[in-house]
Amino acid sequence: MKTPILTVTLFTLLTSWSANAQDATTVDFAKQIFPILEAKCLKCHQKERTENGKLIKPKHGLRLDNAEGIMKGGKEYPNENVVAGKPDASWLLKTLSLPVDDDLAMPPEGKADPVTDAEKALIKAWIEQGAKFGDWKGVE
Ligand code: HEC
């Protein structure tokens, strides 16, 4: 019966170690940023698709499932979705901190889990570091 405790301890050690390591190193888009978008944004911001015979288009024309879409942005803020080096000018990040009753507060209240402060800090660091995608291209 000792195994679960050991596993939990190891897990805690490993995650706290990697959280500390992240502070000093370059953010990896595919490993650290995309999973956040995938869990909390893609439902509404991905390539046009058909579900149960219904055509579902990306909200506001914004696709977050590929590098081009992430940089290009949606109809309201074209080319200001992610401004490399400038988190304060990047709507992808700004929408995450708007008051919940703002139409642009993302994700819309109750539709997906809110983005945590730690996740916002990661996205901010990624933009500050130049918003690089590495080999990741996403869905065509
Ligand atoms: C349940 C659906 C839904 C989810 C989930 C969602 N969005 Fe949105 N998003 C919308 C809608 C609807 C709009 C248009 C809002 C408006 O202006 O009324 C929008 C607009 C935006 C815009 C403005 C785009 C532009 O230039 O016009 C950004 C940026 C954005 N969302 C980012 C995100 C991010 C980042 C996430 C995940 C953390 C997210 N959204 C999750 C529905 C969603």
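Above this text sits the structure in question.
This report concerns the structure included in the present document.

The rules behind the values
Going along each chain's sequence as written, the residues are numbered from 1 onward. At least 70 in pLDDT is required for a residue's local features to be given in this predicted model, at least 80 for side-chain atom pairs to be given and counted, and no such filter applies to totals for whole chains, interfaces and linings, which use all residues. For the side-chain quantities, the full set of heavy atoms in the structure was used; hydrogens and water were omitted. Take a side-chain nitrogen of Lys or Arg and a carboxyl oxygen of Asp or Glu: if they are within 4 Å of each other, that pair is a salt bridge. Counting from the N terminus, the helices are the DSSP runs of H or I reaching at least four residues and the strands are the DSSP runs of E reaching at least two. Throughout this description, buried means an accessible area under 20% of the type-specific maximum (1.4 Å probe, protein chains only), exposed means over 50%, and partly exposed covers the range between. Any N, O or S atom lying within 2.8 Å of the metal counts as a donor, and for Na, K and Ca the limit rises to 3.2 Å; water is left out, so some sites can look incomplete. In these descriptions, tetrahedral denotes four donors with every angle between 85 and 135 degrees, square planar four donors and octahedral six donors with opposite donors over 155 degrees apart and the rest between 65 and 115, and irregular any other case. Axis lines are fitted through C-alpha atoms, for helices just across the contact stretch, and the angle between N-to-C directions can take any value from 0 to 180 degrees. Oblique is the label for any angle not covered by the other classes, which are roughly parallel (under 35 degrees), roughly antiparallel (over 145) and roughly perpendicular (65 to 115). Handedness of a helix crossing follows the sense of rotation of the near helix relative to the far helix, less than a right angle counterclockwise being left-handed and clockwise being right-handed. We call two residues in contact when some of their heavy atoms are within 4.5 Å.

**Comments concerning the pattern of salt bridges**
Working step 1: For the coordinates displayed, the defined rule picks out 6 salt bridges.
Working step 2: With its nearest N and O atoms 3.2 Å apart, the salt bridge here joins glutamate 51 to arginine 49.
Working step 3: In this structure, lysine 124 and glutamate 128 form a salt bridge, with 3.4 Å as the shortest nitrogen-oxygen distance. In this pair, lysine 124 and glutamate 128 both sit in helix H5 (residues 117-128), 4 residues apart, roughly one turn of the helix.
Working step 4: Taking relative accessible area as the criterion, lysine 124 reaches 35% and is therefore assigned partly exposed.

**Describing unusual backbone geometry**
Working step 1: Geometrically, the link from methionine 106 to proline 107 is a cis peptide bond, its omega value of -15° lying close to zero.
Working step 2: Summarising the element assignment, proline 107 is placed in the loop between helix H4 (91-94) and H5.
Working step 3: The backbone of histidine 60 sits at a positive phi, close to 60°, despite the residue not being glycine.
Working step 4: When you line up the elements, histidine 60 lands in the loop between strand E2 (54-56) and helix H3 (67-72).
Working step 5: Assessed through its relative accessible area of 36%, histidine 60 is described here as partly exposed.

**With respect to the coordination of the iron atom of the ligand**
Working step 1: Protein ligation of the iron atom of the ligand involves His45 (NE2) and Met106 (SD), the donor distances falling in the range 2.0 to 2.2 Å.
Working step 2: Note that the iron atom of the ligand binds 6 donor atoms; their angles at the metal cover 85 to 179°, and the shape is octahedral. With histidine 45 in the loop between helix H2 (29-40) and strand E1 (49-51) and methionine 106 in the loop between H4 and H5, the pair connects residues that are 61 residues apart, well separated along the chain.
Working step 3: The class for histidine 45 is buried, based on a relative accessible area of 10%.
Working step 4: Note on methionine 106: relative accessible area 23%, which makes it partly exposed.

**A closer look at the packing of H2 against H5**
Working step 1: Running from N to C, H2 and H5 point in directions that differ by 130°, and their axes come no closer than 11 Å. Viewed along their axes, H2 and H5 adopt a mutual orientation that is oblique. As H2 packs across H5, the resulting crossing turns out to be left-handed. Along the contact surface, H2 presents Phe29, Gln32, Ile33, Ile36 and Lys40, while H5 presents Glu119, Leu122, Ile123 and Trp126.

**Thoughts on the side chain of glutamate 119**
Working step 1: Turning to its location among the elements, glutamate 119 is positioned in helix H5.
Working step 2: You can call glutamate 119 buried: its relative accessible area is 18%.
Working step 3: Here glutamate 119 is in contact with Ile36, Lys40 and Pro114, once residues within four sequence places are set aside.

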